[in-house]
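Descriptive structure summary
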Amino acid sequence: MSVNGWHPGLRESATFDRNAIAEIQRAAREGIYDIRGWGAKRRLPHFDDLLFLGASVSRYPLEGYRERCATDVVIGDRHALAPLELQIPITIAGMSFGALSAPAKEALGRGATAMGTATTTGDGGMTEEERGHSETLIYQLLPSRYGMNPDDLRRCDAIEIVIGQGAKPGGGGMLLGQKISDRVAAMRDLPKGIDQRSACRHPDWTGPDDLEIKIGELREITDWQKPILVKVGASRPYYDVALAVKAGADAIVLDGMQGGTAATQEVFIEHVGIPILAAIPAAVEALQELDMHRRVQLVVSGGIRTGADVAKALALGADAVSIGVAAMIALGDNAPALDGEYAEIGSASGFYDDWQAGRDPAGISTQDDALAARFDPELGGRRLANYLRTLTLETQTLARACGKSHVHNLEPEDLVALTVEAAAMARVPLAGTGWVPGVSGS
Ligand SMILES: Cc1cc2nc3c(=O)[nH]c(=O)nc-3n(C[C@H](O)[C@H](O)[C@H](O)COP(=O)(O)O)c2cc1C
């Protein structure tokens, strides 16, 4: 007998909770690890564990209705002759054509362009839909080299060398056969319908010196015009950032373990890498030691959802943030209106993460022409622009409350932590104390 859903005498194990039991049963049934999209789903130290100290007697806030709070950012002016000039410090992260449908890529371009920011290609190459609608387009050079086209290096506005992703540092990509359509196969030089696993390391590198050679090659191909970004998954950010800067990177993209993915083993998503909260201070420390903070820009990602997340990332020392999952949701992924259709494929709105399966009723994470045709790129682009505008307004609101006339003037001094863990990782004091674990003794 159950009383309000509680069964007397039945006690759930904290170790073998429902998810753990279901996973053992699934593994016993299928004999292979689980693959899914989205990012880490368990609770991790995150920006929610930080708070801003608004201005008061000792600080002077700015008025929202008449005092400017600027949001522009320049990325890549260390060496590149044509750095990226963005109106907002929020870019769209690299998401592959293959993972996302062509209309979804078009919508990302429309939304980002409306707000004066950039989109990023991904594994599998550059689509005309994205190039045509993104005023500023970052072209990824990935370990797989799938879809890599030297002409596209000249058609983009910046190049991002991908070494790793936050969801899977040390691992390669996956695109399952059901998403390898004729077009995706042709762009990647792969057979149609066969599962594809992309490389976890670049074919022509054996160590960090090779990164320097690669950056040099890319500069020559693009006549020293285009910024060269280096993307790493957060695992050893201090050393990785220092090495990338030494190799000549114009900017660093640092993706924390909450970062999204289109298809990765669950065990990888939940157990490899470190949270972005812990990674930013270590990356900033490396940049400061090399006297490169703000000269080599730091773009961070992994679980950014709100303007509060953006503002906190900037306050910790990032120059910009990048968004993946949140951009998909803004386009219409996981929309409540599709709940009935999610139920038919064993999911529900707010939970749908089978982006590897290609059966997305929203038409976003699919290569099925009929499903993709359901998605309206103009509407999706408008929704994304609205979302980016909201993030920006929220970031400005918080910056003004801290008395800043530019969002980049936010600083660690504006923050406190709610937990000892977050204080130690973010290197800001525990709220109400002057204690930064591992740094100060008071
Ligand atoms: C659908 C999807 C596809 C992705 N494809 C790529 C890719 O091709 N290359 C890459 O470097 N990262 C890829 N990523 C990771 C994103 O670039 C980014 O690092 C991550 O999504 C940021 O975290 P967030 O999703 O929590 O914002 C992908 C992410 C998603 C959600």
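In what follows, the structure referred to is the one given above.
None of the values given here were measured: they were computed from a predicted structure. (Residues numbered from 1 in each chain as written. Predicted model: local features only at pLDDT ≥ 70, side-chain atom pairs only at ≥ 80, totals over all residues. Heavy atoms only, no water.)

**Examining the site of the ligand**
Stated formally: Here a residue is considered near a molecule or strand provided that any single heavy atom belonging to it is located within 4 Å of it. Numbering of helices and strands runs from the N terminus; a helix is a DSSP stretch of H or I covering at least four residues, while a strand is a stretch of E covering at least two. Gly counts as polar in this scheme, as do all residues outside two lists: the nonpolar Ala, Val, Leu, Ile, Met, Phe, Trp, Tyr, Cys and Pro, and the charged Asp, Glu, Lys and Arg.
Within the structure, the ligand sits among 26 residues, and Gly94, Lys231, Asp255, Gly303 and Val325 are positioned closest to it. The set of elements that each furnish at least two residues to the shell around the ligand consists of strand S13 (261-265) and helix H11 (325-331). Its residues assigned to classes, the shell around the ligand shows ten nonpolar, 13 polar and three charged.

**What to know about helix H6 (residues 208-221)**
Short version of the rule: For a helix, the expected span equals 1.5 Å multiplied by the residue count minus one. Two residues form a contact once any of their heavy atoms are found within 4.5 Å.
The end-to-end C-alpha distance of H6, which contains 14 residues, comes to 20 Å, matching closely the 20 Å that a straight helix rising 1.5 Å per residue would cover. In this structure, the buried side of H6 is in contact with strand S7 (136-141), helix H4 (150-155), strand S8 (158-162), strand S11 (228-233) and helix H7 (237-246). The first or second residue beyond H6 is Asp223, which carries a positive phi of 60°.

**Quick look at the side chain of Arg131**
Positionally, Arg131 belongs in helix H3 (residues 128-133). The residues touching Arg131, leaving out its near neighbours within four places in the chain, are Met126, Thr136, Leu137, Arg155, Cys156 and Asp157.

**Quick notes on the side chain of Ser349**
Mapped onto the fold, Ser349 is located in the loop between helix H12 (339-344) and helix H13 (369-372). Excluding residues that lie within four positions of it along the chain, Ser349 makes contacts with Asn334, Ala335, Pro336, Asp339 and Tyr342.

**Points about the pairing of S7**
This is how it is decided: For the exposure calls, accessible area comes from a 1.4 Å probe over protein chains only, and a residue counts as buried if that area is under 20% of its type's maximum, exposed if over 50%, partly exposed in between. For two strands to pair, DSSP has to find at least two bridges joining them. For a crossover, the right-handed case is the one in which the path from the first strand over the helix to the second runs clockwise, viewed with the strands pointing away from the viewer.
A large share of S7 lies buried, amounting to six of its six residues. A two-sided burial pattern is seen for S7, the buried positions comprising Thr136, Ile138 and Gln140 on one face and Leu137, Tyr139 and Leu141 on the other. Where strand S6 (residues 118-120) lies against S7, three bridges are found, and the strand directions are parallel. Within S7, the residue paired with Thr120 across the bridge is Ile138. One crossover worth recording links S6 to the parallel S7 by way of H3, and it is right-handed. Sheet topology places S7 next to S8; four bridges connect them, and they run parallel. Its bridge partner being in S8, Gln140 is matched across the sheet by Glu160. Each parallel crossover has a hand, and the one from S7 via H4 to S8 is right-handed.

**Regarding the pairing of strand S12 (residues 251-255)**
With five of its five residues buried, S12 lies for the most part within the structure. Residues Ala251, Val253 and Asp255 point to one face of S12 and Ile252 and Leu254 to the other, with burial holding for every one of them. In this sheet, S12 lies alongside S11 in parallel orientation, the contact comprising five bridges. Each residue of the ladder has a partner; that of Gly233, found in S12, is Asp255. For the segment spanning S11, H7 and S12, crossover handedness is right-handed.

**Focus: the packing of aromatic side chains**
Note the following rule: Any Phe, Tyr or Trp ring, taking Trp's six-membered ring, that has another such ring centre within 6.5 Å forms a pair; planes under 30 degrees apart are called stacked, those over 60 apart edge-to-face, and the others tilted. Only lysine NZ and arginine CZ atoms are considered, and such an atom sits over a ring when it is within 6 Å of the ring centre and within 35 degrees of the ring normal.
By the definition in use, this model includes three aromatic pairs. Residues Trp38 and Trp355 carry aromatic rings whose centres are separated by 5.6 Å and whose planes lie at 15° to one another, so their mutual orientation is stacked. Taken together, the residues span a long stretch of sequence, with Trp38 in strand S1 (residues 35-38) and Trp355 in the loop between H12 and H13 at a distance of 317 residues. Since its relative accessible area comes to 18%, Trp38 is described here as buried. Residue classification places Trp355 among the buried residues on the basis of a relative accessible area of 2%. Lying over the aromatic face of Trp38, Lys41 brings its terminal NZ or CZ to 5.1 Å of the ring centre. Note that Arg219 overlies the ring of Trp224, its terminal NZ or CZ placed 5.3 Å from the centroid.

**Considering unusual backbone geometry**
Notably, Asp223 is not glycine yet its phi reads approximately 60°, a positive angle. Locating Asp223 in the fold gives a position in the loop between H6 and S11. We classify Asp223 as exposed; its relative accessible area is 56%. Its identity as a non-glycine residue notwithstanding, Asp291 has a phi of 60°, on the positive side. Looking at the element boundaries, Asp291 is found in the loop between helix H9 (276-289) and strand S14 (297-301).

**Looking at the state of the cysteines**
This is how the line gets drawn: Sulfur atoms of two cysteines make up a disulfide when they are within 2.5 Å.
Within the structure shown, the criterion is met by zero disulfides. Cysteine Cys69 shares no disulfide, and the gap to the nearest cysteine sulfur, in Cys402, comes to 9.8 Å. On the accessibility criterion, Cys69 (4% relative accessible area) is buried.

**Topic: the sheet that holds strand S15 (residues 320-323)**
Let me state the cut-off plainly: Interaxial angle, 0 to 180 degrees, is taken between N-to-C directions of lines fitted to C-alpha atoms, where a helix line uses only the stretch in contact.
The strand order across the open sheet formed by eight strands is S5-S15-S14-S12-S11-S8-S7-S6, and the pairing between neighbours is parallel. Two strands bound the open sheet, and with one partner strand each, they are strand S5 (90-92) and S6. On average, each strand axis in the sheet is inclined to that of its neighbour by 25°, with strand direction left out of account. In this sheet, S14 lies alongside S12 in parallel orientation, the contact comprising five bridges. What sits directly across from Val253, in S14, is Val299.

**Things to note about a nonpolar patch on the surface**
Applied cut-off: Patches were defined on residues exceeding 30% relative accessible area and lacking a salt bridge, with like-charge contacts within 9 Å and nonpolar side-chain contacts (Val, Leu, Ile, Met, Phe, Trp, Tyr) within 5 Å. Here the open area of atoms and residues is found with the Shrake-Rupley method and a 1.4 Å probe, where only the protein chains shown may cover a residue. In the sections that follow, a salt bridge refers to a side-chain nitrogen of Lys or Arg positioned within 4 Å of a carboxyl oxygen of Asp or Glu.
Nonpolar side chains collect at one region of the surface, where Phe16, Ile21 and Ile24 lie side by side and expose about 280 Å² of accessible area between them. Mapped onto the elements, Phe16 comes out in the segment before helix H1 (18-30).

Function-wise, these values are silent; they only describe arrangement.
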